[in-house]
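Structure at a glance
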Amino acid sequence: LVSTSGVTHATPAAYASHVLDRGWDNQIMEQMVYNDIDVVFGGGKRHLLPGSGCPNEVSGGRRSDCENLLDELIARGYTWVDNRDEMLAATAAPVWGLFASSHMKADIDNQYYGTGEPTLAEMTEKAIDLLSGLGGEFLLMVEGSQVDWAGHANDPIHMVTDMKAFDDAVAVAKDQADALGNVVLHVFPDHNTGAL
């Protein structure tokens, strides 16, 4: 799963969990951790960490059950990365990388404010590289989450830059799909919002 939102957001969550309400981020995250997903890149680290009132509270954590799911991932043999350089250096799945406490930065903000977050294209390329290294078939879901959000905000600069970032990710996926062969690549737009 690759997403510029928190990975517990609706689209990535639909590929890895089953809950009654899309706002149940902690339950979604717990299911994702225990569902043996080979590669997860995006935002949402706060839903891995114990929150306020927990004896083992981690600053910024939001889990009320006090479970530290980051520790659980590491115990389960995952490589944990939390910045672009660590992600690019990862050599084998399984890997989790959550690069923001909540959602990742808009592409325009990431490129100008040097947050250390990888681009959508970089996450896509690394995910395909790691998954193809496992041998066999795989499914990768990549979401350029914030194109939709820019429409809701009527923010054309955010929309154009995040659409370009998504286009770059599609180009990377197509190049790698062509190199791998026997690959089906589907690209779907999100719903139109804000008349943009």
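What comes next concerns the included structure.

Parameters and conventions
Residues numbered from 1 in each chain as written. Predicted model: local features only at pLDDT ≥ 70, side-chain atom pairs only at ≥ 80, totals over all residues. Heavy atoms only, no water. Pairing = 2+ DSSP bridges. Helix = DSSP H or I, 4+ residues; strand = E, 2+ residues; numbered from the N terminus. Contact = heavy atoms within 4.5 Å. Axes fitted to C-alpha atoms, helices over the stretch in contact; angles between N-to-C directions. Disulfide = S-S within 2.5 Å. Buried < 20%, exposed > 50% of the residue type's maximum accessible area, 1.4 Å probe, protein only. Salt bridge = Lys/Arg side-chain N within 4 Å of Asp/Glu carboxyl O.

Observations concerning the sheet that holds strand 5 (residues 142–143)
Spatially, five strands are ordered 3-4-2-1-5 in an open sheet, and the strand pairing comes out parallel. Either end of the sheet is taken by a strand with one partner, and the two such strands are strand 3 (79–81) and strand 5. Direction of pairing for strand 1 (residues 2–6) relative to strand 5: parallel, over a ladder of two bridges. Paired with S3 across the bridge in strand 5 is E143. Packing against the sheet, helix 6 (residues 120–132) makes contact with strand 1, strand 2 (39–43), strand 4 (95–98) and strand 5, and its axis sits at approximately 165 degrees to strand 2.

Focus on the state of the cysteines
The tally for this structure, following the rule as stated, stands at one disulfide. One disulfide bridge connects C54 with C66, the sulfur atoms lying 2.2 Å from each other. When the S-S torsion is -90 degrees, as for the bridge of C54 with C66, the disulfide is left-handed. Within this pair, whereas C54 is found in the loop between strand 2 and helix 3 (69–75), its partner C66 is found in the loop between strand 2 and helix 3, the two being separated by 12 residues in sequence. Classification of C54 as buried rests on a relative accessible area of 7%.

A short note on the pattern of salt bridges
Summed over all chains, the structure comprises nine salt bridges. Of the charged contacts, one joins D129 and K126 as a salt bridge, the two residues approaching to 3.8 Å between their closest N and O atoms. Here D129 pairs with K126, and both are found in helix 6, just three residues apart, close to one helical turn. Under the relative-accessibility criterion, D129 is labelled partly exposed at 42%. With relative accessibility at 10%, the residue K126 sits in the buried group. A salt bridge links D168 to K164, with the nearest nitrogen and oxygen atoms 2.5 Å apart. Separated by four residues within a single helix, D168 and K164 lie in helix 8 (residues 156–180), roughly one turn from each other. Owing to a relative accessible area of 31%, D168 belongs among the partly exposed residues under this scheme. The network of salt bridges with shared partners includes E30, R63 and D65.

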